[in-house]
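Residue-level structure breakdown
If you want the building blocks of each chain, they are given just below.
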Amino acid sequence: MRTHIRHARSVIPSLEQDQASSAIRDVLLTVPELEMASSIAAYVSVGNEPGTRSLLFALWKRGSYVLLPVVRPDGELDWASYEGPDSLREGPYGLLEPTEPVRGVDAIKATDVVLVPALAVDRHGRRLGRGGGFYDRALARVGPAILTVGVVYDAEFLEEVPAEPHDVPVRAVATPSGFHRLGTGPGNVGAVP
Ligand SMILES: Nc1ncnc2c1ncn2[C@@H]1O[C@H](COP(=O)(O)OP(=O)(O)OP(=O)(O)O)[C@@H](O)[C@H]1O
Ligand SMILES: [Mg+2]
């Protein structure tokens, strides 16, 4: 499934990718929890992912405190604040990382909303990630009051995504066509604390 979705992403025309990124930005900027949030954990998109750069800029400009992940050698995600487009530098895995001091792996616990990269999300919130388990480890720290949002293209919001016990589901999904809150039905896999 990862191979299939990565391929599908690689053939999205760049104009379409830009339009999808703008649409997701506009969708997320009007979600009440994001409007109210004082602190948001987000990420800098890479490659063919739905773009997050203009979303990050808009959130920061309107005064949210935006945290971005910093990959630690032990596979945990640390967090540091985004202070505008000039506060990023190249990190491992071809990712852009924040230049600000890191705040520790538990900084994610003090956020109101976590935006989560994904290749696919299903209607139960099961999430197919990028394959490293980084977000599953980070989301295992997050309590029920925090809104976790998978960010995908429309075609990646699926009926069914395979999941294992360590997979932590997301509570909502944002696509170019809208924002959907997801039920945590009996089929839900993973630790919702
Ligand atoms: N909480 C955890 N503790 C230890 N190992 C974990 C944990 N979560 C995931 N892993 C390990 O990480 C590896 C990758 O997990 P998985 O295939 O779910 O990645 P993913 O969800 O696609 O990645 P990501 O979360 O970074 O987007 C697996 O071998 C899994 O066992
Ligand atoms: Mg996973």
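The present account deals with the structure reproduced in this document. (Residues numbered from 1 in each chain as written. Chains lettered and ligands numbered in written order. Predicted model: local features only at pLDDT ≥ 70, side-chain atom pairs only at ≥ 80, totals over all residues. Heavy atoms only, no water.)

So, on to the overall build of the chain. In terms of helices and strands, the chain carries five helices and 12 strands. Taken over the C-alpha trace, the chain has a radius of gyration of 15 Å; the compact-globule value for 193 residues is 16 Å, and the two agree within 12%. Viewed in the frame of its principal axes, the chain has a C-alpha envelope of about 40 × 40 × 35 Å. Buried positions account for 49% of the 193 residues belonging to the chain. Considering only intrachain contacts with a sequence separation of at least 6, the fraction spanning at least 24 residues in the chain is 68%. In the form shown here, the chain has an accessible surface area of approximately 8900 Å², with 54% of it arising from carbon and sulfur atoms. (Helix = DSSP H or I, 4+ residues; strand = E, 2+ residues; numbered from the N terminus. Rg over C-alpha atoms; globule rule 2.2 N^0.38 Å. Buried < 20%, exposed > 50% of the residue type's maximum accessible area, 1.4 Å probe, protein only. Contact = heavy atoms within 4.5 Å. Areas by Shrake-Rupley, 256 points an atom, 1.4 Å probe, with all protein chains shown as cover.)

With that settled, the discussion passes to the coordination of the magnesium ion (ligand 2). For a metal bound by four donors in a tetrahedral arrangement, the ideal donor-metal-donor angle is 109.5 degrees, while six donors in an octahedral arrangement ideally sit at 90 or 180 degrees. Listed as protein donors to the magnesium ion (ligand 2) are Asp136 (OD) and Asp167 (OD); their distances from the metal cover 1.9 to 2.0 Å. Of this pair, Asp136 sits in helix H5 (residues 134–139) while Asp167 sits in the loop between strand S10 (157–158) and strand S11 (172–175); the two residues are 31 residues apart in sequence, bridging distant segments of the chain. Look at Asp136 and you get buried, because its relative accessible area is 9%. On the basis of relative accessibility, which here comes to 11%, the residue Asp167 falls in the buried class. (Donors = N, O, S within 2.8 Å, 3.2 Å for Na, K, Ca; no water.)

Moving on, we get to the sheet that holds strand S12 (residues 178–181). Across the sheet, which stays open at both edges, the seven strands sit in the order S3-S2-S1-S6-S9-S11-S12 with mixed pairing between neighbours. Where the open sheet ends on each side, the last strands, each with one partner, are strand S3 (77–81) and S12. When the angles between neighbouring strand axes are averaged without regard to direction, this sheet yields 25°. As defined by bridge partners, strand S9 (residues 147–151) adjoins S11 across three bridges and the pair is classed as parallel. The residue bridging Val151 from the neighbouring strand is Ala174, located in S11. Each of strand S6 (113–117), S9, S11 and S12 touches helix H2 (residues 14–29); the most contacted strand, S11, lies at about 135° to it. (Pairing = 2+ DSSP bridges. Axes fitted to C-alpha atoms, helices over the stretch in contact; angles between N-to-C directions.)

A word on the packing of aromatic side chains. Summed over the entire model, instances satisfying the criterion amount to three aromatic pairs. Look at Phe57 and Trp60: their rings are 5.8 Å apart centre to centre, the planes differ by 50°, and that puts the pair in the tilted class. Taken as a pair, Phe57 and Trp60 lie in helix H4 (residues 53–61) at a separation of three residues, close to a single helical turn. Residue Trp60 is classed as partly exposed on the basis of its relative accessible area, which comes to 27%. (Phe/Tyr/Trp six-rings, centres within 6.5 Å; stacked < 30°, edge-to-face > 60°.)

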